[in-house]
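# Per-entry structural report
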Amino acid sequence: MSSEEEEKRDWSELPAELLHLIAQKLPDLVDLIRLRVVCTVWRSSAPLSDPPHQLPWLLELFGRGPFSPLLRRKQRFYSLSSGETLTIPLKHKKLCNFIHGGVYSGYLPFNDYLERTISFFNPLTWDSFSLPPLCRRRSFSPWMVWTGTDPIRNRTIVVVDRNMRIANQVGKWALYDPSSNTCVENEGYFYQCCYWDGLFFSTCVHEPTQVFDAHSKELLQEIPPPEIESKENWSDEDNIARQLRKSYLVVSSGVILRVIWRHELVYGDKIPIEESVFYIYRLDFKRASGKSCWVRIGDIGDQILFLGEMNGFSMTARPNSRFRKGCIYFIYSKTNKPYMHDILAGTVERVPCPFEECTWFLPGL
């Protein structure tokens, strides 16, 4: 084909099936938006109702430290897939009410202390919605447990009060049902949590995992912790919590993983973050008999785990992306900086990022 013929080609005449296939291969939603604005034909061939499978961005945080970060009117995001930094205006009235405490999927959560409601805002579409008012105490400090990697279309959301075990106060969790616009609330001591198949799982370092029916609030099971977390296996019980930094619950390809991150102090000596150790267990869940247990596994296959301050999620690796399969990408809570742990190699390395502080955000339309 000559250069003259190339210039005369009408790119709007590309087959709709080919345009849709190209759209599904785009690594970022920003690229999808750019494709849609080319012409009417391209826009109709790449509907927003069928966006490409996305990988997380890094959301820039600002503030006085890891416990009180804020957002800005012109918020920055960083895409590891493309290496591009994006600046997106946030049309939200009270950015100071941003709820920090983990990873975010599709929406950013905000806590309205006066109205006693929690609202959600999508920075890409400016779409927003609010939960019904929750019965809560003055010190209520919520965080989110996402029910999957696509809560935009399935807005079943679990809200957990993370002020548990402070001054003997009892925490709360609330399950939001979008069909009836109601919240089912329950009280107890809740820490690391996840939601799966109508069940609410909660655990803490070296403690059993409690399994609740999310709708009836009935406690169904208490699953003993893995041996590595058992107090009997430690010579110094006072150092258990400090040696086992976090114990995450993550839903991955239809199963529940317990990811134990060992860091911080070991008998008084601080170790470098690069020497962190991760232990991964898969839940052998027996719903009928109630005799569930944790089974140690050595790898996670083609999955990628993303961990934040209080929660995490799992995704399937994509070819030609900068994310490596079988790895754990986590945010170090003391600095809010991203790191990557290669499970098979046993190594930890810093993830390149232009921000001083950040966390994971999964974009969605």
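Above: the structure in question.
Source: prediction; values computed, not measured. Along each chain, residues carry numbers from 1 onward, in the same order as the chain's sequence is written. Local features are withheld for residues below a pLDDT of 70 in this predicted model, meaning they are given only at 70 or higher, and side-chain atom pairs are given and counted only at 80 or more; totals for whole chains, interfaces and linings count all residues. Processing note: side-chain calculations cover all non-hydrogen atoms of the structure and skip hydrogens and water entirely.

### Considerations on the pattern of salt bridges
Selection rule: A carboxyl oxygen of Asp or Glu within 4 Å of a side-chain nitrogen of Lys or Arg is what we treat as a salt bridge. Elements are defined by DSSP. Helices are runs of H or I of four residues or more, strands are runs of E of two residues or more, and each kind is numbered from the N terminus.
Throughout the structure, instances matching the rule amount to eight salt bridges. For the salt bridge of R76 with E60, the shortest nitrogen-to-oxygen distance reads 2.8 Å. On the criterion of sequence distance, the pair formed by R76 in strand β4 (residues 74–79) and E60 in strand β1 (residues 57–60) is long-range, its members being 16 residues apart. The salt bridge partner of R287 is D197, with a shortest N-O separation of 3.3 Å. A residue pair is termed long-range when its members are at least 10 positions apart, and R287 in the loop between β22 (277–284) and β23 (293–297) and D197 in the loop between β14 (192–196) and β15 (199–203) qualify at 90 residues. One continuous salt-bridge network, built from bridges that share partners, spans D31, R34 and E84.

### Some remarks on the pairing of strand β8 (residues 117–121)
Two faces, one strand: in a regular strand the side chains alternate between the faces of the sheet. Here is the rule: Type-normalised accessible area, obtained with a 1.4 Å probe on protein chains alone, sets the label of each residue: buried when under 20%, exposed when over 50%, and partly exposed for intermediate values. Between any two strands, at least two bridges found by DSSP are needed for them to pair.
Most of β8 sits out of view: five of its five residues are buried. Burial along β8 is two-sided: T117, S119 and F121 and I118 and F120, pointing in opposite directions, are all buried. Relative to β8, strand β7 (residues 108–112) runs antiparallel, the two sharing five bridges. Opposite N111, over in β8, you have I118 as the bridge partner.

### Details of the sheet that holds β7
Strands pair in a sheet through their backbones, by hydrogen bonds, and they do so in one of two ways: parallel or antiparallel. Defined as follows: The angle between two axes is taken between their N-to-C directions and runs from 0 to 180 degrees, where each axis is a line fitted to C-alpha atoms and a helix contributes only its stretch in contact.
Strand order in the open sheet formed by three strands is β7-β8-β9, and the pairing between neighbours is antiparallel. Because the sheet does not close on itself, it has two edges, and the strands there are β7 and β9 (128–130). Strand-to-strand twist in this sheet, taken as the mean axis angle between neighbours without regard to direction, amounts to 20°. Here β8 pairs with β9 via three bridges, running antiparallel. Within the sheet, the bridge partner assigned to S119 lies in β9 and is S130.

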